[in-house]
Amino acid sequence: QKEVEQNSGPLSVPEGAIASLNCTYSDRGSQSFFWYRQYSGKSPELIMSIYSNGDKEDGRFTAQLNKASQYVSLLIRDSQPSDSATYLCAVPGGSGYSTLTFGKGTMLLVSP
Amino acid sequence: DTGVSQDPRHKITKRGQNVTFRCDPISEHNRLYWYRQTLGQGPEFLTYFQNEAQLEKSRLLSDRFSAERPKGSFSTLEIQRTEQGDSAMYLCASTPRGAPYGYTFGSGTRLTVV
């Protein structure tokens, strides 16, 4: 059973700070990793993907991957109240890695 | 294109009744997925289709659940003899060829079994 673990939070940060969201996964064969954002009462939306060890930056978002430690993180710089949401880590799973297995998500609260 | 459409948005049913949900994916997307999400949990995979073929079903999908995707277009998810434990948000997502993990989710159908 492939597992994706996240701290459920909430993670509270003040506006303008860096928010750091973490995820660990059990399957060493995983090759790609995804972060979805889910606002309260809404559906998840894809915000970042990462395939190689190291960092990948997209605007205020940076995804970091360490395959040796089976660890992926999402950094949000200059956090805004509009970033308040649940962030879901997802890893390909199922037979043939055809579907995504999601973690429980970490709730982020950014206070003005 | 209006994205992934799900109907109904909300469904309240009595225990033991059957319910059916519909999902219309983005028209050019060949894969369609059904997930279930309960409060405080991430989406849990139920089943997925590539075109009209149902390629995988989760162990979560008991024999009370059935899904179809006739002609590779819209999909339906039916739950027979509903139980209170079936209360959840049922999410549909679709993906295009070449991007199997870039899910576009619909707004979901919230099922409440009373």
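Note: the structure precedes this text.
On a predicted model such as this, the values are computed, not experimentally measured, just so you know. (Residues numbered from 1 in each chain as written. Chains lettered and ligands numbered in written order. Predicted model: local features only at pLDDT ≥ 70, side-chain atom pairs only at ≥ 80, totals over all residues. Heavy atoms only, no water.)

## Digging into the overall build of chain A
Consideration 1: Tallying secondary structure elements over chain A gives zero helices and 11 strands in all.
Consideration 2: Ordered by position from the N terminus, the helices and strands of chain A form the series β-β-β-β-β-β-β-β-β-β-β.
Consideration 3: Compactness check: chain A gives a C-alpha radius of gyration of 13 Å against a globular reference of 13 Å for 112 residues, within 12% of the reference.
Consideration 4: When the backbone C-alpha atoms are referred to their principal axes, chain A occupies close to 45 × 30 × 20 Å.
Consideration 5: Counting over 112 residues, chain A shows a buried share of 46%.
Consideration 6: Contacts in chain A between residues far apart in sequence, at least 24 positions, make up 54% of those at least 6 positions apart.
Consideration 7: Across chain A, the centroid of the 9 positively charged side chains sits 5 Å from that of the 10 negatively charged ones. (Helix = DSSP H or I, 4+ residues; strand = E, 2+ residues; numbered from the N terminus. Rg over C-alpha atoms; globule rule 2.2 N^0.38 Å. Buried < 20%, exposed > 50% of the residue type's maximum accessible area, 1.4 Å probe, protein only. Contact = heavy atoms within 4.5 Å. Lys, Arg positive; Asp, Glu negative; His and termini not counted. Charge placed at Lys NZ, Arg CZ, Asp CG, Glu CD.)

## Section: the state of the cysteines
Consideration 1: This structure, assessed with the given rule, holds two disulfides over all chains.
Consideration 2: The disulfide partner of A:Cys23 is A:Cys89, and the gap between their sulfur atoms is 2.1 Å. The sign of the -70 degrees torsion about the S-S bond sets the A:Cys23-A:Cys89 disulfide as left-handed. With A:Cys23 in strand β3 (residues 19-25) and A:Cys89 in strand β9 (residues 85-93), this pair connects stretches of sequence that are 66 residues apart.
Consideration 3: Through a disulfide, B:Cys23 is tied to B:Cys92; the S-S separation comes to 1.9 Å. On the sign convention where negative is left-handed, the bridge of B:Cys23 and B:Cys92, at about -70 degrees about the S-S bond, is left-handed. Within this pair, whereas B:Cys23 is found in strand β3 (residues 19-24), its partner B:Cys92 is found in strand β9 (residues 88-95), the two being separated by 69 residues in sequence. (Disulfide = S-S within 2.5 Å.)

## Some details on the packing of aromatic side chains
All names here are of chain B.
Consideration 1: Enumeration according to the criterion identifies 17 aromatic pairs over all chains in this entry.
Consideration 2: Aromatic pair phenylalanine 21 and tyrosine 90: ring centres 5.4 Å apart, planes at 45 degrees, arrangement tilted. Within this pair, whereas phenylalanine 21 is found in strand β3, its partner tyrosine 90 is found in strand β9, the two being separated by 69 residues in sequence. Here phenylalanine 21 matches tyrosine 90 in class, with each residue buried. (Phe/Tyr/Trp six-rings, centres within 6.5 Å; stacked < 30°, edge-to-face > 60°.)

## Points about the side chain of B:Ser75
Residues and elements named next belong to chain B.
Consideration 1: Mapped onto the fold, serine 75 is located in strand β8 (residues 75-79).
Consideration 2: Of note is the side chain of serine 75, whose polar atom sits 2.9 Å from the side chain of tryptophan 34.
Consideration 3: Residues in contact with serine 75, not counting those within four places in the same chain, are Phe21, Arg22, Cys23, Leu32, Trp34, Phe49, Glu68 and Arg69. (Polar contact = N/O pair within 3.5 Å; in protein donor to acceptor, adjacent residues only side chain to side chain.)

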